[in-house]
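Structural overview for review
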Amino acid sequence: MAENANFYLQLQKSFHTANSRACISGPDFTELSYSELDSLTAQTANLLKELGIRPGARVLVQTPKTPLAVVLYLACLRSGAIYVPLNSAYTNEELDYFIADTEPALFVYDPAQGEALAPLFARHNIPTVLELAEDDSGSLFNSLIDRPAIHQTVPVDADDIAVIIYTSGTTGKPKGAMLSHGNLCSNALSLFSLWDWRADDVLIHALPIFHVHGLFVALHLALLGGSNMLFLSRFNVEQVIELIPRATVLMGVPTFYTRLLQQESLTPALCKNMRLFVSGSAPLLEETFNEFAARSGHRILERYGMSETGMLMSNPLDGDRVPGTVGFALPDVSYRVCDDEGNELSTDSIGTLQVKGPNVFKGYWRNPEKTRQEFADGYFITGDLVNIDDQDRVSIVGRNKDLIISGGYNVYPKEIELVLDEQAAVQESAVIGVPHPDFGEAVVAVLVPSSAQKPDTQELINTLKAQLASYKVPKRIVIKKELPRNTMGKVQKNLLRDEYAQLFS
Ligand code: MLC
Ligand code: AMP
């Protein structure tokens, strides 16, 4: 019989060694040890079993970031269920789509949203719903009492799906990237060795756990190491400054670093115990890298990845970390650079990065057509434009997907344009990303009104906020008589980006 490839078993090896060591430490000094974590995941997996949640069933999760949310994720791995985390900012309209698309056997939600969610629960026939509040209270916790703390981890194949991560797309509809136990395991082990993770590392975990950066990269490495996590429910710059002297590793999006730079207390003395500051999910500006090195005494390690692939490239732990580059391919990642027709290009040309490896996802949930479109000869087409030098060092030089990355969150303009174009006051719209000192890029909507009367932009913002997660809502709306178009009639967003490049400077 094939070996059980359940990723939980890989993690559990370190849980046994770490045993009474602290796994998750909260800011209020609450602590969960590794043995407690293991028992709680067993209790939760037993609960899932009793609720009839079979391997392959979807568990949809939109909860605050708490220790029990981590337990729930691990329990899903243990029981072979598919964990589907959702951004806590998603509105009911967005949730409606995710519920319909995943047909969950269980939905775990924040009771603070309970009233707002009632119409959704009435519309969809979800077999079980459970609550998980920001202090870990609620029906999930209550249901664990008296459950046995021993559980036989369900056997799975390496290709069985462990997690679905939704990512938006150019058509406006999010697609679910299916990641297998094998995908998660190979990428975690690769990074663990590449970054020389140690049991005595102490990680400041301040990222959300509904995206790959916080859920996979940060969480998996700490768990594999049996290391301590200083666990924050969200990024708070003052709290992070307070924790730095107790920590050795911080992982963040570039906004974390620009915000840290605004703190006078950021000094080499403060950071003397740190060994690694990691940045990813969005481009790290060279000036941020240089300023951070001067102020903290540390050269940020920038890495690059995607929901569909986990991590792909990393600057070296030892050796030169070059600002503006994302370093080298992970040892088991192979790649090629192609032109728009899919022809492979020679070194030092700019083209689209295509990747292959044990970390690359199994396709989009219930969307074989989209899966087919995004693979070529077994390579996944990333949509990122790269330049690779003769030392094999990779720089991300652009994207050939219409994507804005704001504070590490991906925003697809189409999703916002579709809502704006439905409004009576709007004839047409173009949504663009422009440089922003805090978020890296900010969402801006350029509108052509449908009549001579100027639209009420605040009303438009309110309409958008009701339908879309607030980080997608434009930080600014500008009105224009017409949108620039090329001879084919296509809106020239590059001209708009140039025109509004200074909007936030
Ligand atoms: C919050 N807001 C944002 C925003 N985050 N607006 C634009 N972009 C963002 N990223 C808005 C809120 O909607 C709210 O609007 C207002 O800003 C204040 O909200 P907040 O919750 O107080 O914001 P804050 O806590 O300061 O959050 C900023 C942040 C956070 C940068 C700390 O966005 C964050 O943690 N980002 C990390 C995202 C991440 O994990 N990305 C990884 C993806 S994985 P209003 O109007 O309501 O006031 C991936 C692959 C890879 O990309 O390689 O890793
Ligand atoms: P997501 O779909 O949320 O996983 O976002 C993945 C995208 O984030 C990639 O395709 C890149 O465009 C971008 N990204 C991630 N890391 C970096 C980085 N270090 N530099 C530039 N872009 C990045």
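Nothing here was measured: the structure is a model prediction, and the numbers come from that model. (Residues numbered from 1 in each chain as written. Chains lettered and ligands numbered in written order. Predicted model: local features only at pLDDT ≥ 70, side-chain atom pairs only at ≥ 80, totals over all residues. Heavy atoms only, no water.)

Thoughts on the overall build of the protein chain
Stated precisely, the cut-off is as follows: Under the scheme used here, helices are H or I runs from DSSP no shorter than 4 residues and strands are E runs no shorter than 2 residues, and both carry numbers assigned from the N terminus. Only protein chains enter the calculation, and the probe is 1.4 Å; a residue is then buried if its accessible area is under 20% of its type maximum, exposed if over 50%, and partly exposed in between. Contacts were defined at the residue level, with two residues in contact if any of their heavy atoms lie within 4.5 Å. What sets the accessible areas is the Shrake-Rupley method with a 1.4 Å probe; for residues, cover comes only from the shown protein chains.
Summing up its helical and strand segments, the protein chain has 15 helices and 25 strands in all. With respect to the principal axes defined by its C-alpha atoms, the protein chain has extents near 70 × 55 × 50 Å. When burial is assessed residue by residue, the protein chain has 58% of its 505 residues classed as buried. Within the protein chain, contacts between residues at least 6 apart in sequence are counted, and of these 67% link residues at least 24 apart. About 21,400 Å² of surface is accessible on the protein chain, with carbon and sulfur atoms providing 49% of the total.

Some details on the site of ligand 1
The line we're drawing: The near set for a molecule or strand comprises every residue that places at least one heavy atom within 4 Å of it. In the analysis that follows, any N or O atom pair within 3.5 Å is treated as a polar contact, provided that within protein one partner can donate a hydrogen and the other can accept it, and provided that, for residues neighboring in sequence, both atoms belong to side chains. Each residue gets one label: Ala, Val, Leu, Ile, Met, Phe, Trp, Tyr, Cys and Pro are nonpolar, Asp, Glu, Lys and Arg are charged, and the others, such as Gly, are polar.
Taken together, 24 residues surround ligand 1, and among them Arg234, Arg259, Ser281, Ser406 and Ser470 come closest. Contact between ligand 1 and glycine 407: a nitrogen atom at 3.0 Å from a main-chain N or O atom of the residue. Here ligand 1 loses 76% of its free accessible area of 1,000 Å² to cover by the protein chains. Put simply, the parts of the chain that give the shell around ligand 1 at least two residues each are α8 (212-225), α10 (254-261) and β13 (301-306). With three residues, α10 is the single largest residue contributor to the shell around ligand 1. Considered class by class, the residues forming the shell around ligand 1 number ten nonpolar, nine polar and five charged.

Let's talk about the sheet that holds strand β9 (residues 202-205)
Our working definition: Should DSSP find at least two bridges between two strands, the strands are taken to pair. Note on geometry: axes are lines fitted to C-alpha atoms, helical ones only across the stretch in contact, with angles between N-to-C directions running from 0 to 180 degrees.
Across the sheet, which stays open at both edges, the nine strands sit in the order β2-β1-β10-β9-β11-β12-β13-β14-β15 with mixed pairing between neighbours. Single-partner strands in this sheet number two, and they are β2 (31-33) and β15 (328-329). Here helix α2 (residues 34-50) sits on the sheet and contacts β1 (22-25) and β2; the angle it forms with β2, its principal contact strand, is near 80°. Docked against the sheet, α10 engages β11 (249-252) and β12 (276-279), running at close to 115° with respect to β11.

So, empty space enclosed by the protein
Operational definition: Computed over the protein atoms alone on a 1 Å grid, cavities are sets of points where a 1.4 Å probe fits but cannot get out and pockets are open sets with protein on both sides within 12 Å along at least five of seven lines; a residue lines them when it has an atom within 4 Å of a point. Grid points are joined across faces, edges and corners, and a volume is the space filled by probe spheres set on the points.
A full pass over the atoms with the stated rule returns three cavities of 30 Å³ or more. Here the largest cavity defines a volume of roughly 90 Å³. Broken down by class, the residue content of the lining of the largest cavity amounts to six nonpolar, six polar and no charged.

Some remarks on unusual backbone geometry
If you check the backbone angles, aspartate 348 has positive phi at about 75° while not being a glycine. Here aspartate 348 shows up in the loop between β16 (334-338) and β17 (350-356). Using a relative accessible area of 53% as the deciding quantity, one classes aspartate 348 as exposed. For aspartate 377, which is not glycine, the phi dihedral falls at a positive 50°.

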